[in-house]
Every structure is written in structure tokens, then in C-alpha cells.
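Each chain, written out:
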Protein chains: 2
Amino acid sequence: RVMYGRYTQDLGVYAKEEAARLREGSQRRSVSERSRTLDLLEYDKGRCAKCRICTVRCQKFLISRVGEDWIFLILLGLLMALVSWVVDFCIAICLQAQKWMYGGLDSNVFLQYLAWVTYPVVLITFSAGFTQILAPQAVGSGIPEMKTILRGVVLKEYLTFKTFVAKVIGLTCALGSGMPLGKEGPFVHIASLCAALLSKFMSLFGGIYENESRNIEMLAAACAVGVGCCFAAPIGGVLFSIEVTSTFFAVRNYWRGFFAATFSAFIFRVLAVWNRDEETITALFKTRFRLDFPFDLQELPAFAVIGIASGFGGALFVYLNRLIVQFIRKQKAINKFLMKKRLLYPALVTLLVSTLTFPPGFGQFMAGRLTQKESLVTLLDNRTWAKQGIAEEFDYISHSQAWKHPQVNVFVTLVLFIVMKFWMSALATTIPVPCGAFMPVFVIGAAFGRLVGESMAAWFPDGIHTDGTIYPIVPGGYAVVGAAALSGAVTHTVSTAVIVFELTGQISHILPVMIAVILANAVAQSLQPSLYDSIIRIKKLPYLPELGWGHHEKYNIRVEDIMVRDVRYITLNCCYRDLHDVLLTGHLKTLALVESAESMILLGSIERAQLQSLLSQQLGRPRRLEYIRERAAAEKKRLSVVSNPGSEDGSQRANHEVRFQISTEESSFSPTRPVPQKPLKPALKRPSVVDRPTEIPTSQQDNSGIALKNLFCANPETEGMEVRDVICPLQSSPSSSLLLFYFLQIAEWEEQQLDEQVNFNNCKIDPAPFQLVERTSLHKTHTIFSLLGLDHAYVTSIGRLIGVVSLKELRKAIEGSVTVKGVKVRPPLASFRDSGTSSSENEATELHKLWDRHKSMSLPREHVPSDSDEKSQ
Amino acid sequence: RVMYGRYTQDLGVYAKEEAARLREGSQRRSVSERSRTLDLLEYDKGRCAKCRICTVRCQKFLISRVGEDWIFLILLGLLMALVSWVVDFCIAICLQAQKWMYGGLDSNVFLQYLAWVTYPVVLITFSAGFTQILAPQAVGSGIPEMKTILRGVVLKEYLTFKTFVAKVIGLTCALGSGMPLGKEGPFVHIASLCAALLSKFMSLFGGIYENESRNIEMLAAACAVGVGCCFAAPIGGVLFSIEVTSTFFAVRNYWRGFFAATFSAFIFRVLAVWNRDEETITALFKTRFRLDFPFDLQELPAFAVIGIASGFGGALFVYLNRLIVQFIRKQKAINKFLMKKRLLYPALVTLLVSTLTFPPGFGQFMAGRLTQKESLVTLLDNRTWAKQGIAEEFDYISHSQAWKHPQVNVFVTLVLFIVMKFWMSALATTIPVPCGAFMPVFVIGAAFGRLVGESMAAWFPDGIHTDGTIYPIVPGGYAVVGAAALSGAVTHTVSTAVIVFELTGQISHILPVMIAVILANAVAQSLQPSLYDSIIRIKKLPYLPELGWGHHEKYNIRVEDIMVRDVRYITLNCCYRDLHDVLLTGHLKTLALVESAESMILLGSIERAQLQSLLSQQLGRPRRLEYIRERAAAEKKRLSVVSNPGSEDGSQRANHEVRFQISTEESSFSPTRPVPQKPLKPALKRPSVVDRPTEIPTSQQDNSGIALKNLFCANPETEGMEVRDVICPLQSSPSSSLLLFYFLQIAEWEEQQLDEQVNFNNCKIDPAPFQLVERTSLHKTHTIFSLLGLDHAYVTSIGRLIGVVSLKELRKAIEGSVTVKGVKVRPPLASFRDSGTSSSENEATELHKLWDRHKSMSLPREHVPSDSDEKSQ
């Protein structure tokens, strides 16, 4: 159950698994019982019995099969293909509706404009509002978040049914508006949601779905399915999802991805055939370039130029996108306004974009009337649009006519299209709706490629090839190259090459595409992070930057150069006070457990939450109550011996007084307050506290008092309560003046409790935390951290703890910047965390809050440092 | 330098790196000196000076750039493209020569047969002989070995220049013979060789090439280059190499692979264009299927059938291949005969195969006159060969005519081709020459696909599509599917799909190909290991079997179920005797170091070799000599006091006697021999041995004596020496009879030395060996072992060592069989081992040998067990 020792964090999972095992056992039992009834039934040879036998057998078979991976993958593929097809279908209907409205109103340009503009504004606003209300997690691409999740971080509420609904409906509306948005990123998220929900659903049948590491593997496959069924590109989908989400991947998952993505793409295309959209299964954007001579060797420089330019373009796109987001965030006036009316920003952006694309307006110069899909189809056309600089007459009626303008050259149209769409896409992808940027970038890239291709065709009207046959230049091929290069540059992937082959159904341009994609990547990677990494940084998700190519110095930095030497640790024989102090100073999620401060032999690590619960167990309400009750009983006994017991009425009044006293006490507790009942104390001294000094120095008294309050409230649930709730069982206390004495007693008790040695018996200790040695290189540390998805690792030297390296130090060492806080990094390669951990984080903050209050309340005198403080320095 | 703590094993590497750093430093210094001279030169404004400045600058620039990854990758790609092209060119010439010979002798069938048969026999025999003599490591595919190397095992002599030469020349000859062999596997090996040699070469310029973990990354890229430049299939090459060689893969390496493979494929194809073989860059086996309607949806069942049948076929191929190897090995009579004449087996197999393919003979029924490449081209032809069961007249002159026989149906030809080639390929790949099996299998698959396609075409002469247009069936498409499916089944990969797209230049059949490949994989993986895994098992290389799909029980097995609880360990305060005993009993390469036998706190692990050197330091020759010298000096002093010193002459004679005495002593040393000088001993007793009993019991005496001998020879270098060499410094020993007394003294000294506490100060301890906990699941253990390439991991419980799991236990748990011994597994993810370690293994065997001799020499009495023996039980 536990991966190389993440013992502590997985107990919840373990319990789950045990439960699943028990359940399985009972299932097996019930199956065997069923088979017994089966035997019995077979004696009774009625028809109905046969039917029943058959049913029982089928049931048995199904239950035994339902745990198989391939069943899950097929179901996932099927589901996603259906989702993808339905979404596509709805989007097509939406776009048709817009066209129909626009076409029907051609008598009045103003009405036409109103219809053209209102429709997308309404859809986008609805999408933004719906997503905002139902599940704000559904906003955006989803790939950055999936990368973070697969990296090992738990993002709450990210894989729920609500998010699924919000994402699907939001995406449909957003894309139906005709804005330059993509469906690829969201589909990765939707597929992951599907996988997570399907896992949950399937776990009703078999225990195997309870296994969390399996679920992560399935999520990896789901990402592939998402891309695969979005483009009907199984191979490209698998590769793209790997490049975008992983640093290391298992070949096992790669097969799973292939299987599910192929099935999904197959069903997706079969649905199109069944719907009579297509005659048979072909590519989504089929091209018809000539096969025998796809391109000349001398055209390669042009392809290389496309690649390099796309690299710069891609970096610019990422930069622009980030700039817009940061601008919106920084401008506080704008921000406040937009935040108040959350839907105003999407509406404004949509209005701007759709106004500019209005076909009778500026849109006529940039093929504004074409949808994204139509533009792509026309851009990949295998016919040449221009010859010798003059636009040819299009002798066929098709969407390509949109590119032709009576007054304006086709080159101008293309340039305008590229420039306008570029900033529009960068702007549109910042709208808070579920949307991706892949498809818009892809179209822009295709347009750029087309531009270069048309220029080449105009330059060399008879092609470049010199001997014999004339092979004219195919601008469509340039468009393919451009699309792959620009999308590759923006996402920092090379698998866009495979995606274009699968999208166009032709692989003849493989070498130009590969060369352009690689060049584009080389340029873009050296200038900007990928779009997804950029979003990760904007969203402040935890990440580990990649080691670039050829950074030699990375091989020479050692762990000893970057590690934190001042490790917070606890010793086996430490007391609760040490725990308390360590908890208030450290920041890591786990603390090292060493044998002793002298030997420093690392024994394991303990989660913060564990220590907090240890502490609250020791000083928590139940034990406190018990102590008070004990005290009270002893007091009562003593009093009943010393004096006569008071009347029922009197004791009740006393009780009232007590309550009053305490509530005022609580609200006005001050360390400078005189302690009147001090003389009483010696009389009440119990044998166990005999060795403590009778005269408590003021400062310590203060501390105790506050610690008392602090500890009454240590449990966040009890914080809001009145102290009297705790004390009210003290019904028999004779006088209100005695109460303050009790307080002191409790303070003393608690001091005493803090000095007790910690009992680690019930504590979940991770017995084998990850260890490095001083001389481990940064390169290897990076490899290990990304391989295992570590959050931190201890540095040891022959068993002795000498330092700790966390993701933060590593990131600093690699890039020397950005620190991200407050996001929980999951233990290595493992599993979703049980929901309990988020509350533990709350606990920590509560503790900090209390600590702060404590400080502000106590006098400016220095807190007496305990010995553990000195130790941990 | 050290990866999470493999401190001990990497010191050699560390030293290397330090050296490299120093070298770099000095380089930098020399560069700065150069730039100073540059400045000086610039004053002197002569022409020659300018030239020199330019040269110096270029040199400076080159040196600074030479360490970049992309330079290395481009060089590697270029080199491999050239190698691939040259090899292809030579093979083509060889095959042409055979055709020419065969064609020229068409007057006489017998002469023709002789030429047809002799030519390949000579070539194969030469190839086998050449490889055998130069580098036997070059035999076979190379993919299994590369998988093992990338898994982390050091295979000696596997990446040397000799092997490179043997592999390239052997492969060219083997393929030039026209036997059904492939070049893919060997190319993976050749590319790795290139990368390793290039690394070595480049390390002359920059220190970065000394980094071993970088070299492993480059090897992974090289594997991709190998496949990529062999088929001009960069994408397929990368994916295939990943699937075949890795379990976990870094996306970093995947980019490297893409870059190098694309460059390599590009150059490879450009060379063809420059050589006027091609007009432009196109696919290797270009197909011309129609694009608009590649296949009907109703043809999918036929594709599925191809997939499933290929799955069975692939499993059968692997089984057959293994069967042949095992048969040859088992048949001792055959084996002996073949071993004596190592070249007889290749010659016989070649004779058999080429006889059967002789075109005028049986070859006419199986298109025997076509080379592998020609067969593939004809099989992928887009024309249909048969209509309604009757072979059509081929109305064009091409190689396709070879498939047509006047008497025999084309179906029969195809079936015969498939059946004959199937066993021929399985047999031919067992010949000890450099060869792969991918290409033959690919051709057989294409033939099988063609067979199904032709049958379908015969069955539905007008195609299946019902409405409107007639789309006849394209048997060539079936051939593509069959080729991908069968090669996928044999190698257990799905990327063969991508390879066929890149090979044929068409991707229109993507869904049928993917479906068939996945089905073929599903069937084949459930029946047999992949061909490469099969070879790994045959060759007894260390491996970790894959966890199959949906093995639920794997999630429920825990480490505690499979771990070895009886761990060999040493304690911090152990004595040398314990070391000695532990070394003789354990089998693992490293031993656990615990704090004490009571606490069992794991402090680290120590390599066997380290302990051996510790032991030999303590008891080795230098200390022994020193002791003897000391003793001698003391003796001399004492004697010089007691008696008069002998004459020069006398002492020399005594010396001679001593020598003689010892040499006989050594040869006839027997424990039962009386010890005459015993009475002398007390007189010579040194203060330090005062506490030992004077009367040594016989058994201990024997032990000591033998241990003495044992320890004189503990160092393998000294083993061969005469003992007199050791003793000869004892020039002053007064008599030969004293010598035996010395022996006893030494035995005693050594006993005493063994009881001393071990000083671990100079010992390299791995301070953080990998740890698991009891409840880690088998699934996760498998993941970790394959992620990190572990050999073994300790199982701890809160710092206490409770067990150990090694690759063996893991393998047993997964498959419950095969144990492989004697191959060294490398530390996690790391680097080639420094050459020193192989000798340490020798040392171990030496020690064992000595131990065995010791046992046979000593009396059958039981060895007195020391307390450490009891401990380690």
C-alpha cells in the first residue's frame, strides 16, 4: 500500500483498501452462495430457472470482468467519443443558428450587426456566468491543472461531477459563440473528469477502483483520450498529452492511452459516418496534396523560415497572453469594476472581437464570415490562390471565396487575418470560460504558412524543380507546416506534427513539418515558457521548472549547495513542549524524526497534522475535562471532610457565579491582573506537583494563563465556544474565588503536561522518507524529484540528518526566482489524498493565529526560551 | 555526483569528474591566455595576425559550443545517416552482384544454383567468422542488450570501437546475402555505439562528456536515431525505441530523440536525392492508395481478423525462435559439432534457405527471386492482383510478376511465401551474425495482409460500399495493416503503426492499422513475451518482467510477503571476523550497515568490494610484512643480545634454507604436521599477545595455518606467487626451524587481527540506500524498481532494518520462475560503472575459490563458528 515508505499519509487509503478487500471477500462469498443456489436451481429444470441461471452467470461474469483495465478504457473511450460528438454537434448547431440569423437579416445592416454581435455576447456571458456559479474550477484550459495533478498535487474540487457539467456546457456555449477559442485543453480536463467519475462509479462494483495509484494511471490515459477524441488523432493525442502533462511517463500508461484514444477516435468518427456526415472514416481536415512530389528540396529553407518565425510568434503569443492577464490584475480600478460585474469583462471582450469580425465591416478584409473550422479547411486547400502576385479568380464556389476581396489583395487579407486573430486569440483565451488556445493558434499558424506558401507560389510560378517536369508549389503544404510549427511553439511540443498528419490524413510533408516544429520549439523554448507553464505560474500552482538543454552548470551544483541546513526535527525522547515549539516555527508539511539531538540519526518523518493531533490529545479538551473532574472530585471529597456540604440551592448559585466569572474572565483576561487566591494554593497542592515551586513567577504565570486559553482553543472546533462550556461540569465547586485557583491549577497541569515525554505509539510515522546525500548533483536531484513527484527530501550522511531540500530550494536553484506557497504537494507518485488533510492545513493556520494572538496579548517581555528552541536553532 | 546516496559506487566517477573539472579549469585558463595573446596580436595589425585572430576566435567558439547537446545530437544524426546510407548502398551492390551472377549464368541451371547458393553462404560465413573473431558482442539484434543497458546493467565490451566495426561490416555482409534478416535491431546497437564513441571522442574537448548520466540520456536518444535513420521514420523511430527499451521515459529524452532522429532521417533521405535515386524526399516505400475513400466501415472486421491472426502469428514466431535456439543448445551432439566448427551452423542454415528460394526451383512458387525490399514494394502495390479468384494478367512489367506463376494461383504463392518465410526468418535470426528480425516479420505481415486483401477483393469484386459509387477494395491497404500488426505482435509495440505510416507516406489507413495493431498486441502479449524479452531471457540478462494489464492481485501483494527477512548485515562495532564471515555467506552486492544488532537502525550500505578491501587491508601483505619485519627486528635484537651474530656467509646460507623450507612448506602444508618449535614460543611471546593461551588447540592451529595461507593469497595478484617472495625479507632469521614458529606467530597475529574492531573511516558507505516499508504493494515496488533501476531495496520499520527485497524476489513474485545469476546490476539510474568494479567481482570469486580450497584442505572437522555467524543467521 505504501510507496517506499509514505506510511503516514496513506493510512486513510489503506483503511479504504482494507474495506474494499472485506467488501470483495463478502462479494466472493455471496458469489459462492449464488453458485450454490445455482446448483440447487439446476435440479429444478423449469424454463424460468434456466433464465435465472443465465442471469446469475452473466452477473457473475460481469462482476469478475468489470475490474479489468480494458473495460474501463473502452468505457472511457466510448463516453468521451459521445461527449465529443455531442459537443461538436451542439457547437455546429449554434454556429448555424448564428449564420441563419445573420443571413436572414440581410436587408438591414444594423440589425445584422446586432444579431452578429448579440448572439456571441449572450452565449459567452451565459457560459461565464454558468461556470462561475456552478464550478469556477471549470474555467480555462485544464491542461495546466492536469499537469499539476499528475505531478502529484491535490487540487480540490477539480474532478467533481459539478465541474464536469459546468465544463461541458460552458465549453459548448463558448465555442458556439464563434469566438477564437479551442476545445482541446478543456477536452483533456473533461476526459480526466470522466475518468475520475467513472472510477468512482466503477468502484461500486469492484474493489480495484479504490486503488489510488491506479486512478492516477487512468488519469494519464484519460488525458490522451481527451486530445485523441477531440481531433480524431489517437497517436498525436497520446504524444501531445504526454509532452504537455508529464516529465516522466510509464510506457505502461502509453499503451493504455493508445488503446483508449484509438477506441475513442474510432467511435467519434464512426458517429460521423452513422450521422451521414461522412461516407467513411477519414481525417477531420482531409487534404489532397499530390503524393509523388510533395515538395522540392529547395523549398526547405522556406519551411525553416516558417519554423523560426513561428517560434518567435509562439513566444510572443504566450507573452501577450500573460501580459493581458497581468494587466487586468494590476489595474486595480479596472479590476474592481470587472470583479463587481464578473460578467462584464467577457461581454466586453466578445463585443470587441465580434464587432471587428463583422463581415460587412472590417470582417470583409479578414474572412470574418468563416468559422474557425471553415477557415482551417480553406487554408489547407491544395489549390493556389494567387499567381504572380495577382489574386486568381476562384473558379469554384466554396468558402475560399471569403479570402478574396474585390479591392484587396489576398496577401493583405491573410496578413490582416493573422494580425487580428493573433491578439484576438490571446485576448479571448483570458475570458473566464472553459476554453483552450490550441485551435486558434493552429488556425493562425495555418494562415501564416499559407501566406508564405502563396508568396512562394507567386515568386516561383512554375515551381523550383529544374529538370523536366513542372511541379508547382503547393501553398496548402506550407499551411500544414505553419499550423504545426506555431501550435508546437506555443505549447512547446513536437507532437503537433503528428496531430497535423492525423488531422489532414496526409503524412507526405513529414520532414518539412518536423524540421519546422523542431526549429519553432528551439526558438520558443529559449524565449518563453510554454503557454501551459505560463498559466501554471500565473495561477501560482506548484511546479518544477524543466532543466533546459545543455545547462552544463546543472551537473556541477550539488545538493549541499542548495540544501537548508537548519532542519526542524523532533527527537524520539522529546517532550510536548518541543513539539509545540517546532510546530510554530517550521513551514514544511512533514517533520524529521531523529533518534536524539546528539546522534541525529534519521528515523523517519511525521506529518504536521499527526503532531498537532498528538499535541491536542495530550492537552485537549477531554483530558482537561478529565483532570478538572478529577480535581473536582478530590476537592469535593476533601471539602466534604473539612466542611459541611452546602445546600442544593447554594451550590447552584455558586455555579451561576462561576459561569459569570469565567465569561468575564475570558473576555478580560490580562496577565497584569492580580491573583488574589494565591495563599489558598499550597493547601490544595497535590502530591504530583509537589516538586514544582509554589511561587510562580509572573511571566510564567502569564504564559500559563495564555497557554491555557490557547490550548482550550487549540482545537479549531472549540475555538468559538465559551470557556464556561468547558468548566460547567464543575457543579460542585464551592465558591467562585476557587475557580481562578482552578485556572492556575490547570495552567500548572498543562505546563506539567507539556514537559511530559511524547508517546509516539499511536503516531503514524513514515519510516523511510526520501534521502539524498550531500554530493547528489542538481541534475540528479531534479530527475528524482520529477520521477517520484517529491515535495522534499532529507539529506543524510551515514544515517545522520544534515539538511533538507524541498521543491522550493530546487526551483530557486534552477531559476532563482518565484516562490509559491500554500499549495499542498502530494507524496511521491501516490494517490489522491484523503479529504482529511485539507482540514489539517486549516489546523495549522489556526495554530498560527492563536500563536499571534498569544504574542499580542502577552507583555512585551521575552518569552522564556525552552531548551527545544535552542536545539532547533 | 551521487544519486540519492549511491555514494560508494560512484567514487570512481567522481574522481573522473573532478579530473574533468580541473581540465576544464585549465582549458579556461588556456583560453584566457589565448585571449590575452589575442589582445597582443591585435596591436600587430598584419594580415597574418588577423588570420590568426580569426582562427583563435573560431577555436574558442568551437570549444565553447562543443559541449552543447544539440551539437552532439546533430553529429550523431549525421554520422548515423551516413552509416545507414553507406550500409544500404553496400547491401544494394551485394544484392545486385548476386542477381548479376545469377542472371549471367542462365545457360546452365546447375551453375546458376551454385552461384545462387554459394554467394550467400560465403557472405554469411564471412560475417559470422569476422564477428566471432573481432567482437562476439556484435552478434544478434542489439535491442535486448540496449534495453538491459538502459535498465542500468553494465554489459562489458558492448560499446567499443571493435564492436562497432564488427557490427557494421558483419551486418552489411549478412544483409547483402539476401537472407531474411533485418537491419533495424543492429542499427539501434550501431547508433548506441556511435553515441558512446562520439561521447568519448567529444570528451577530449569538453568536460561535460564525462558526465555519465548524460551519456545514458544520449544513449536513449541514440536508440531513436538508430530506428529513425534505418526507416527514415523519425517519429516511429522515437516511439519504437521508447517502447522497446524503456519502462519509464523522460520527456526530455524524447525531445532529444526527435531532434536527432529527424535530422538523421532528413540527411538519410537527402543523400538519396543527391545520389539521384529519388527526385525529392519521399517515403521509403511510397504507396499510392486513393485518399477520398481509403476503406469502408464494413471492411473493419477483416482488419480486426488480420490483427488477431497476427497476434497469434507473432506469438508463434517468438516461440519458434526460442524453440530453435533451445533445441540447438540442448542437443549436445549437434552442439558439440557446431561449436567445433563455429561457422558450420550459419553455412548450413544459409544453404538450406537459399536452396529453397532458388528461383527456378521451389523459389518460383514463393517469389524467391525478389529481394526483401522488392517483395515489400510489390506487396504494398495499390493494384489488385486477383479478381474473383483468378489471377489477373499483370499488364505492366514490374516485380509483381514474380508473384504470378503460370500453373499456380496467386493465393497459393502468397500462402507458400508466408509459411516458408515464417520458419526461414525464425531460423535465420538464430544465426550468429549481426541481424534483426523486424524487417522479415514486417514482410511476412505484409504478405499475410495482402492475402486477406486479395481474398476480400475476390469476394467483393465491386467493393462493399452500397450506395452509389463503386469503391473497389485495396489489397495494398490490407498489406499495410498486416505488416504493422505482425511486427507489432512480435515486438509488443504499437508504434509499428507509426512506422508504417512513415514508411508508406500515407496515413489514410490509420484507424484499421491502429485497431489491428492493438488487437495483435493484446493477443501476443497474453501468449508470449516480446521477441526482445525472449532473447533477454535466453541470454540470461537481468530483467524485470512487466506487470500485465489488470493483474489485480498485484495490488494486494505487499513487500512483507516477498521480502527476505534474513538480511546479511554488519554492525558499526563489528570485528573483522564478522566481516569475513558475512562476506562468505551473502550473495548480494552490497551489505547493510546497522548501528547495532540490538537496535538494527539502518545507517547505510557498503559494497562487498569495499569490505573485501577493508579485510585485505587489515590482513593483507603489507601489514603482514610489516609485522614480520617487526618481529624479525625484535628477534634480531633479542638474538644479538642472547647470542653472537652469525657470519655474513652463514646468514646467507640460512636465508637459502629458509627459502627452500618455505617452498616445500607451501606445497606440502598439512594441518596434521607436528609443530616442533612450540617450546620456543613462550620465550618469543610479545606483550600484546600475552593474554592468549600458549597452548593452541589443534583445530584452531589448523585454522590459523590455513587462514594464514588463505590470507597470504587473499589478494588475487599475490595468489600465484610463492610464499618465499613474501618471506624473503627475513634475511636475518637465524634458522629454518624458526620459520614455522613464525608461521604460528602469524596465525596468531591474524586471529588477533580478526578480532579487532573494524575501522570504517576509509570505507565508502552509501549513506542512504533505498528503503521500502512492509506494506508497500508489489505494484508500487515494481514501479520504483523500474523507475530507479534498482537492484535491491531495504525494508525498514521506523529506521530498523527488517528485510531486503532484490530484483530476484520481485521477479519471483511477479512470475514465480527463472533466476538469473552472475550479472551485475548497476546502481539506480546511474551511469556506467568505472572499470574497477569488474575486478572486484573477480576478487569475490577468488575469495570463494580460496574458501573452497580451504575447506577441501582442512580436516573434515567442523569450522568453529564465530559469534558473527550466529548473528547473521
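Summary of the structure given here.

Procedures and definitions
- Residues numbered from 1 in each chain as written.
- Chains lettered and ligands numbered in written order.
- Predicted model: local features only at pLDDT ≥ 70, side-chain atom pairs only at ≥ 80, totals over all residues.
- Heavy atoms only, no water.
- Pairing = 2+ DSSP bridges.
- Helix = DSSP H or I, 4+ residues; strand = E, 2+ residues; numbered from the N terminus.
- Contact = heavy atoms within 4.5 Å.
- Axes fitted to C-alpha atoms, helices over the stretch in contact; angles between N-to-C directions.
- Phe/Tyr/Trp six-rings, centres within 6.5 Å; stacked < 30°, edge-to-face > 60°.
- Buried < 20%, exposed > 50% of the residue type's maximum accessible area, 1.4 Å probe, protein only.
- Lys NZ or Arg CZ within 6 Å of the ring centre and 35° of its normal.
- Parallel < 35°, antiparallel > 145°, perpendicular 65-115°, else oblique.
- Left-handed = near helix turned anticlockwise from the far one by under 90°.
- Nonpolar A, V, L, I, M, F, W, Y, C, P; charged D, E, K, R; others polar.
- Salt bridge = Lys/Arg side-chain N within 4 Å of Asp/Glu carboxyl O.
- Patch = residues over 30% accessible without salt bridge, like charges linked within 9 Å, V, L, I, M, F, W, Y side chains within 5 Å.
- Areas by Shrake-Rupley, 256 points an atom, 1.4 Å probe, with all protein chains shown as cover.
- Core = buried A, V, L, I, M, F, W, Y, C linked by side-chain atoms within 4.5 Å.
- Right-handed = clockwise from strand over helix to strand, strands pointing away.
- Expected span 1.5 Å × (residues − 1).

## Some remarks on the sheet that holds strand S7 (residues 765–766) of chain A
All names here are of chain A.
So, step 1. Strands sit in the order S4-S5-S6-S7 across an open sheet of four strands; the sheet is mixed. Two strands bound the open sheet, and with one partner strand each, they are strand S4 (569–571) and S7.
So, step 2. The pairing of S4 with strand S5 (residues 590–594) spans three bridges and is classified as parallel. The residue bridging Thr-571 from the neighbouring strand is Val-594, located in S5.
So, step 3. Against the sheet, helix H24 (residues 608–619) engages S4, S5 and strand S6 (602–607), with an angle of about 80° to S6.

## Some details on the packing of aromatic side chains
All names here are of chain A.
So, step 1. Scanning the model with the defined rule gives 34 aromatic pairs over all chains in all.
So, step 2. On the basis of an interplanar angle of 25° and a centroid distance of 4.5 Å, the ring pair of Phe-303 and Tyr-478 is categorised as stacked. Remark: Tyr-478 occurs in helix H17 (residues 475–491) and Phe-303 occurs in helix H11 (residues 300–330); sequence separation between them is 175 residues. Per residue, the accessibility class of Phe-303 equals that of Tyr-478, and both read buried.
So, step 3. Connected via pairs of aromatic rings, a cluster forms that spans Tyr-102, Tyr-113, Trp-116 and Phe-358.
So, step 4. The ring of Phe-187 is capped by Lys-183, whose NZ or CZ atom sits 4.6 Å from the centre of that ring.

## With respect to the packing of helix H23 (residues 576–585) of chain A against H24 of chain A
All names here are of chain A.
So, step 1. The contact between H23 and H24 brings their axes to 10 Å, and the two run at 135°. As the angle between them shows, H23 and H24 are arranged oblique. Of the two elements, H23 crosses H24, and the hand of that crossing is left-handed. Residue-level contacts link Tyr-576, Leu-579, His-580 and Leu-583 of H23 to Arg-608, Leu-611, Gln-612, Leu-614, Leu-615 and Gln-618 of H24.
So, step 2. Looking at side-chain class alone, the contact of H23 with H24 contains six nonpolar, three polar and one charged residues.

## A look at the pattern of salt bridges
So, step 1. Within this structure, the stated rule accounts for 14 salt bridges over all chains.
So, step 2. Lys-147 of chain A serves as the salt-bridge partner of Asp-533 of chain A, at 2.9 Å between the closest nitrogen and oxygen. On the criterion of sequence distance, the pair formed by Asp-533 of chain A in helix H20 (residues 531–538) and Lys-147 of chain A in helix H5 (residues 143–151) is long-range, its members being 386 residues apart.
So, step 3. The residue Arg-256 of chain B makes a salt bridge to Glu-217 of chain B at a minimum N-O spacing of 2.9 Å. In this pair, Arg-256 of chain B is assigned in helix H10 (residues 251–274) and Glu-217 of chain B in helix H8 (residues 212–231), connecting sequence segments 39 residues apart. Of the two residues examined, Arg-256 of chain B and Glu-217 of chain B, each falls in the buried class.

## Overview of the sheet that holds strand S4 (residues 569–571) of chain B
All names here are of chain B.
So, step 1. Pairing in this open sheet of four strands is mixed, and the strands run S4-S5-S6-S7 from one edge to the other. Strands with a single pairing partner mark the edges of an open sheet, and in this sheet they are S4 and strand S7 (765–766).
So, step 2. Looking at chain direction, strand S5 (residues 590–594) and strand S6 (residues 602–607) are connected through five bridges and run antiparallel. Across the sheet, Leu-591 pairs through a bridge with Ile-606, a residue of S6.
So, step 3. Sheet strands touched by helix H24 (residues 608–619): S4, S5 and S6. Its angle to S6, the strand with the most contacts, is close to 80°.

## Points about a nonpolar patch on the surface
Residue and element names in this part refer to chain A.
So, step 1. A contiguous nonpolar surface patch, about 210 Å² in accessible area, is contributed by Leu-75, Leu-78 and Leu-82.
So, step 2. Within the secondary structure, Leu-75 sits in helix H3 (residues 69–104).
So, step 3. For Leu-75, a relative accessible area of 32% translates into the label partly exposed.

## Some points on the side chain of Arg-269 of chain A
So, step 1. With respect to the helices and strands, Arg-269 of chain A occurs in helix H10 (residues 251–274).
So, step 2. With residues up to four places along the chain from it excluded, the contact list for Arg-269 of chain A reads Ala-232, Glu-278, Ile-281, Thr-282, Ala-283 and Leu-284 of chain A together with Leu-511 of chain B.

## Details of the nonpolar core
So, step 1. By size, the foremost hydrophobic cluster in this structure holds 328 residues, and its most contacted members are Ile-235 and Tyr-254 of chain A together with Ile-235 and Tyr-254 of chain B.
So, step 2. Sequence-distant contacts of Ile-235 of chain B, that is, excluding residues within four places in its chain, are made with Leu-239, Val-498, Phe-501, Ile-510 and Met-514 of chain A together with Phe-258, Val-498 and Glu-502 of chain B.
So, step 3. Judged by nonpolar contacts, the second largest core, of 48 residues, contains Leu-591, Leu-593 and Leu-603 of chain A together with Leu-603 of chain B.

## So, the environment of Glu-750 of chain A
Residue and element names in this part refer to chain A.
So, step 1. Relative to the helices and strands, Glu-750 resides in helix H31 (residues 736–754).
So, step 2. Overall, the relative accessible area of 0% leaves Glu-750 in the buried class.
So, step 3. Between the alpha carbons of Glu-750 and Gln-618 there is a distance of 9.1 Å; along the sequence they are 132 residues apart.

## Quick look at unusual backbone geometry
So, step 1. Look at Ala-232 of chain A: it is not a glycine, yet its phi comes out positive at around 55°.
So, step 2. A positive phi angle, close to 50°, is found at Ala-367 of chain B, a residue other than glycine.
So, step 3. Here Ala-367 of chain B lies in the loop between helix H13 (344–356) and helix H14 (372–379).

## A few points about the pairing of strand S9 (residues 792–797) of chain A
Every regular strand shows the same layout, with side chains that alternate between the two sheet faces.
Residue and element names in this part refer to chain A.
So, step 1. Among the six residues that make up S9, five are buried, leaving the element largely enclosed by the rest of the structure.
So, step 2. The sheet contact formed by strand S8 (residues 771–772) and S9 spans two bridges and is parallel. Across the sheet, the residue bridging to Leu-772 is Val-795, located in S9.
So, step 3. Taken together, S8, helix H32 (residues 778–788) and S9 constitute a β-α-β crossover, and its handedness is right-handed.
So, step 4. Summarising the sheet, S9 and strand S10 (residues 800–806) pair through six bridges and their orientation is antiparallel. In the strand pairing of S10, Val-795 is matched with Gly-803.

## Topic: the packing of helix H9 (residues 234–245) of chain B against helix H18 (residues 496–504) of chain B
Residues and elements named next belong to chain B.
So, step 1. Where H9 contacts H18, the two axes come as close as 8 Å, and the packing angle between them is 160°. By the angle class used here, H9 and H18 are roughly antiparallel. Handedness of the H9/H18 crossing: left-handed. Seen from H9, the contacting residues are Pro-234, Ile-235, Gly-236, Gly-237, Leu-239 and Phe-240; seen from H18, they are Thr-496, Val-498, Ile-499 and Glu-502.

## Here we look at helix H13 (residues 344–356) of chain A
Since the α-helix turns once every 3.6 residues, residues separated by three or four places project in the same direction.
So, step 1. For H13 of chain A, which comprises 13 residues, the first-to-last C-alpha distance of 18 Å matches the rise-based estimate of 18 Å (1.5 Å per residue) to within 8%.
So, step 2. When H13 of chain A is considered as a whole, its buried residues turn out to be Tyr-345, Pro-346, Ala-347, Val-349, Thr-350, Val-353 and Ser-354 of chain A.

## Observations concerning the side chain of Ser-264 of chain A
Residue and element names in this part refer to chain A.
So, step 1. Of note, Ser-264 is situated in helix H10.
So, step 2. Note on Ser-264: relative accessible area 0%, which makes it buried.
So, step 3. Other than its neighbours up to four places away in sequence, Ser-264 contacts Gly-77, Met-80, Ala-81, Val-225 and Cys-229.

## Considerations on H18 of chain B
So, step 1. By the criterion of burial, H18 of chain B is predominantly enclosed, with nine of the nine residues buried.
So, step 2. In the stretch just after H18 of chain B, Gly-505 of chain B is the one whose phi turns positive, near 75°.

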